[in-house]
Amino acid sequence: PNDVRLHCISWNRDQGWIATGGDSGLLKVLKLEAPADSDAKLKGIAAPSNLSMNQTLEGHKGGVICVTWNPQYRKLTTSDAQGLIIVWSLSKGEWFSQMVNNRNKSVVRDMKWTSDGKKICIVYEDGAVIVGSVGGERLWGKEINLPLRFVEWSPDGKLILFVTLEAEVWVFDSEGSQLR
């Protein structure tokens, strides 16, 4: 939009929401809906759709570099190049800022919710890891002392995979203990 460079995009496939982040704090949330007269059998990319929402969310100053959905609790979590994390919630058809946090030490490189939406894992470039609850409670934090790039939960939420900048994979349990 308006020649602003985009850095990330995430699609909430269950509910048709798309979030995209870019330079100068740009954060847009779009909603795609199938037309009422469309064939119910059409699903996925080839199905016709209408843009029913195009909302710009205000709050980030730095470039938005990470966006992730929690479809079970209708939340969007975003982070910018200055380390600011915002959790957004949907109420009465509009997205609003529910919680704001900034560690002020390092940049968030990735964030993922568990498949049941009850926990989020946030990884920082400097190796810090924070796991929190959907209600905003910090469950645990740890300094792994590795430059982290990606995080992923196992489908059952019992394991967490961390990927370093050097493409090493580290496995931890959901309480933060490293597995060998």
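Structure: above.
Conventions we followed
Residues numbered from 1 in each chain as written. Predicted model: local features only at pLDDT ≥ 70, side-chain atom pairs only at ≥ 80, totals over all residues. Heavy atoms only, no water. Pairing = 2+ DSSP bridges. Helix = DSSP H or I, 4+ residues; strand = E, 2+ residues; numbered from the N terminus. Axes fitted to C-alpha atoms, helices over the stretch in contact; angles between N-to-C directions. Salt bridge = Lys/Arg side-chain N within 4 Å of Asp/Glu carboxyl O. Buried < 20%, exposed > 50% of the residue type's maximum accessible area, 1.4 Å probe, protein only. Disulfide = S-S within 2.5 Å. Core = buried A, V, L, I, M, F, W, Y, C linked by side-chain atoms within 4.5 Å. Contact = heavy atoms within 4.5 Å.

Caption draft 1: Molecular detail of the sheet that holds strand 12 (residues 138-143). Taken in spatial order, the four strands of this open sheet run 9-10-11-12, and their pairing is antiparallel. Two strands bound the open sheet, and with one partner strand each, they are strand 9 (108-113) and strand 12. Each neighbouring strand pair of the sheet contributes to a mean axis angle of 15°, computed without reference to strand direction. Here strand 10 (residues 119-124) pairs with strand 11 (residues 128-133) via five bridges, running antiparallel. Pairing of Val 123 across the sheet is with Val 129, part of strand 11.

Caption draft 2: Here's a closer look at the pattern of salt bridges. Taken as a whole and judged by the stated rule, the model has five salt bridges. Residue Arg 103 pairs with Glu 143 through a salt bridge whose shortest N-O separation is 3.5 Å. Pair noted here: Arg 103 is in the loop between strand 8 (94-102) and strand 9 and Glu 143 is in strand 12, with a separation of 40 residues, a long-range link. A residue is classified by how much of its surface remains accessible, and Glu 143, at 46% relative accessible area, is partly exposed.

Caption draft 3: Looking closely at the state of the cysteines. For the structure shown, the criterion picks out zero disulfides. Free cysteine Cys 8: the closest other cysteine sulfur is in Cys 66, separated by 6.6 Å. By relative accessible area, Cys 8 is classed as buried at 12%. With no disulfide of its own, Cys 121 has Cys 66 as its nearest cysteine by sulfur position, at a separation of 11 Å. For Cys 121, a relative accessible area of 0% puts it in the buried group.

Caption draft 4: Molecular detail of the nonpolar core. Of all hydrophobic cores here, the largest spans 15 residues; its most connected members are Val 29, Leu 57, Val 67, Trp 69, Leu 76, Trp 88 and Trp 95. Dropping the residues within four chain positions of it, Leu 76 is found in contact with Ala 19, Val 29, Leu 57, Val 67, Thr 68, Trp 69, Ile 86, Val 87, Trp 88 and Trp 95. The next biggest cluster of nonpolar side chains, apart from the first, holds 13 residues, and it includes Trp 140, Ile 144, Trp 153 and Phe 162.

Caption draft 5: Region of the structure containing the sheet that holds strand 1 (residues 6-12). Within the open sheet, the four strands sit side by side as 1-2-3-4. Their pairing is antiparallel. Sheet topology places strand 1 and strand 4 (50-56) at the edges, where each strand pairs with a single neighbour. Between one strand and the next, the sheet's axes are offset by a mean angle of 15°, whatever the strand orientation. Bridge count between strand 3 (residues 27-33) and strand 4: six bridges; the pairing is antiparallel. Looking at the pairing, Leu 30 lines up with Asn 54 of strand 4.

Scope: geometric values only; no functional claims are made or implied.
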